[in-house]
Amino acid sequence: MTTILVCGGAGFIGSQMVRHLLDETGGRVAVVDRLTYAGSRDNLVEVMDSPRLAFYPEDITDRPAMTAIFARERPRWVVNFAAETHVDRSIDDASPFIHANVTGVQTLLDASLTHWRTLPEEEREAFRFLQISTDEVYGALGESGEFRESDPLAPNSPYAASKAAGDLLARAWRQTHGLPTLVTRCSNNYGPRQFPEKLIPLMLLNAREGRPLPVYGDGGNVRDWIHVADHCAALLQVLERGQPGEIYNIGGNCEHTNLHLVQSLCAILQELLPAGENPRLREQGLDDYRSLIRFVPDRPGHDRRYAVNSDKLQQALGWRPRVPLAEGLAQTVRWYLENEAWRLAAESRYRRERLGLAM
Ligand SMILES: NC(=O)c1ccc[n+]([C@@H]2O[C@H](COP(=O)([O-])OP(=O)(O)OC[C@H]3O[C@@H](n4cnc5c(N)ncnc54)[C@H](O)[C@@H]3O)[C@@H](O)[C@H]2O)c1
């Protein structure tokens, strides 16, 4: 049975990928995750007891631990989601980002290379190291245009810069050592189990409790949104049929301003839990979640617009995003309403305070 090593598999996207791999492949999945504030075993609860799952609560920067895991698991594919991921935190302190997102990638590439060199020819051919990256490495766009894989890297936040460094390390191990690495760069993901520091769960949980909905700046920043299940489906296709050495953009073809997105969330919540019947809103005399929206000082260096062109992936591998935003958002809102225990556990690690004002 082949083994897929998923680093960062207890986070938002990584845990979705673990479930996707268990469902769609007959292989074993070995998860490496050091369980930072953003990672949790709760995200894997449905599959934790699977005989095809192994869990290692280790840090990807821990060289001896990685060497031992690679020697034991002998993975056919390595998929690296493990990272510090919140831009606002990278503004307050970039050090954990450089450590996890740069040194961590180097450590995994070294462990992969040592392992890869021990493999027989056929298994070497089949080996893949997939580095999960972000459209934020390209920097910001103006009113028009889309990022393409050949565009220069121009990251603006410490988070994006650390991710760009990881991409370049993956490239260098391919060019220098021949290791079959690939990089994917995806736009903004949404879906169940996203940590409440990120826009969608933060707004949703605040709205339900009648707390202000803090929209950065004028709310006009544009992001492309993709459901996490569409992202993971694309990743499996890249693992199965992508060309080593290549970069693939992954986008949802679904651009919206932050303000429009927050208003859409309010409208969905209104359907599922009308504000007029929510005591937290009623006690403030409000009958519409949109009344909670507040414009707050912008994030320093806030990129105005991102949009990715995923023609390369669509043409080479035939992948398409399938989940319409309205459907995916409604499913996400329902999930957060129904998973109160998950929320409470996440909030023992973060209490929705404002981060990243660079002061
Ligand atoms: N969320 C998005 O919209 C988005 C978009 C594009 C790319 N990405 C990339 O996808 C990946 C996953 O993002 P996410 O949103 O699921 O993030 P997340 O913060 O929910 O999960 C990150 C996971 O990595 C683990 N981790 C962090 N440092 C580690 C270390 N040193 N060793 C082992 N594990 C460690 C955490 O415990 C957590 O489980 C990241 O690399 C991110 O850059 C995310």
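Rules and cut-offs
Residues numbered from 1 in each chain as written. Predicted model: local features only at pLDDT ≥ 70, side-chain atom pairs only at ≥ 80, totals over all residues. Helix = DSSP H or I, 4+ residues; strand = E, 2+ residues; numbered from the N terminus. Rg over C-alpha atoms; globule rule 2.2 N^0.38 Å. Buried ≥ 20, exposed ≤ 12 C-beta atoms within 10 Å, placed from the backbone. Contact = placed C-beta atoms within 7 Å. Core = buried A, V, L, I, M, F, W, Y, C linked by C-beta atoms within 7 Å. Near = placed C-beta within 6 Å. Nonpolar A, V, L, I, M, F, W, Y, C, P; charged D, E, K, R; others polar. Pairing = 2+ DSSP bridges. Axes fitted to C-alpha atoms, helices over the stretch in contact; angles between N-to-C directions.

**A closer look at the overall build of the protein**
Phase 1 of the analysis: The helix and strand inventory of the protein stands at 13 helices and 12 strands.
Phase 2 of the analysis: Against the compact-globule benchmark of 21 Å for 359 residues, the protein has a radius of gyration of 20 Å, which places it among compact chains.
Phase 3 of the analysis: Dimensions of the protein, computed from C-alpha atoms along their principal axes, come out at roughly 70 × 45 × 40 Å.
Phase 4 of the analysis: The proportion of buried residues among the 359 residues of the protein is 46%.
Phase 5 of the analysis: Sequence-distant contacts, at least 24 apart, represent 81% of the contacts inside the protein between residues at least 6 apart.

**Focus: the nonpolar core**
If you look at soluble globular proteins, the nonpolar side chains tend to sit buried side by side.
Phase 1 of the analysis: The biggest cluster of nonpolar side chains holds 95 residues, and the ones touching the most others in it are Val6, Val79 and Leu265.
Phase 2 of the analysis: Filtering out sequence-adjacent residues up to four positions away, Leu265 remains in contact with Ile200, Met203, Leu204, Ala207, Leu329 and Val333.

**Examining the site of the ligand**
Phase 1 of the analysis: Taken together, the neighbourhood of the ligand is formed by 30 residues, with Gly8, Gly11, Ala38, Gly39 and Ala83 sitting nearest.
Phase 2 of the analysis: With three residues, helix α1 (residues 12-24) is the single largest residue contributor to the shell around the ligand.
Phase 3 of the analysis: Its residues assigned to classes, the shell around the ligand comprises 14 nonpolar, 11 polar and five charged.

**A few points about the sheet that holds strand β3 (residues 53-56)**
Phase 1 of the analysis: Pairing within the open sheet is parallel, and its seven strands lie in the order β3-β2-β1-β4-β5-β6-β10. In this open sheet, the two strands that pair with only one neighbour each are β3 and β10 (247-250). Across the sheet, the axes of successive neighbouring strands diverge by a mean angle of 20°, strand direction being ignored.
Phase 2 of the analysis: Sheet topology places strand β6 (residues 181-186) next to β10; four bridges connect them, and they run parallel. Opposite Val183, over in β10, you have Ile247 as the bridge partner.
Phase 3 of the analysis: In this fold helix α6 (residues 158-177) packs onto β5 (128-134) and β6, with an angle of close to 155° to the strand it touches most, β5.

Just geometry here; none of it tells us what the structure is for.
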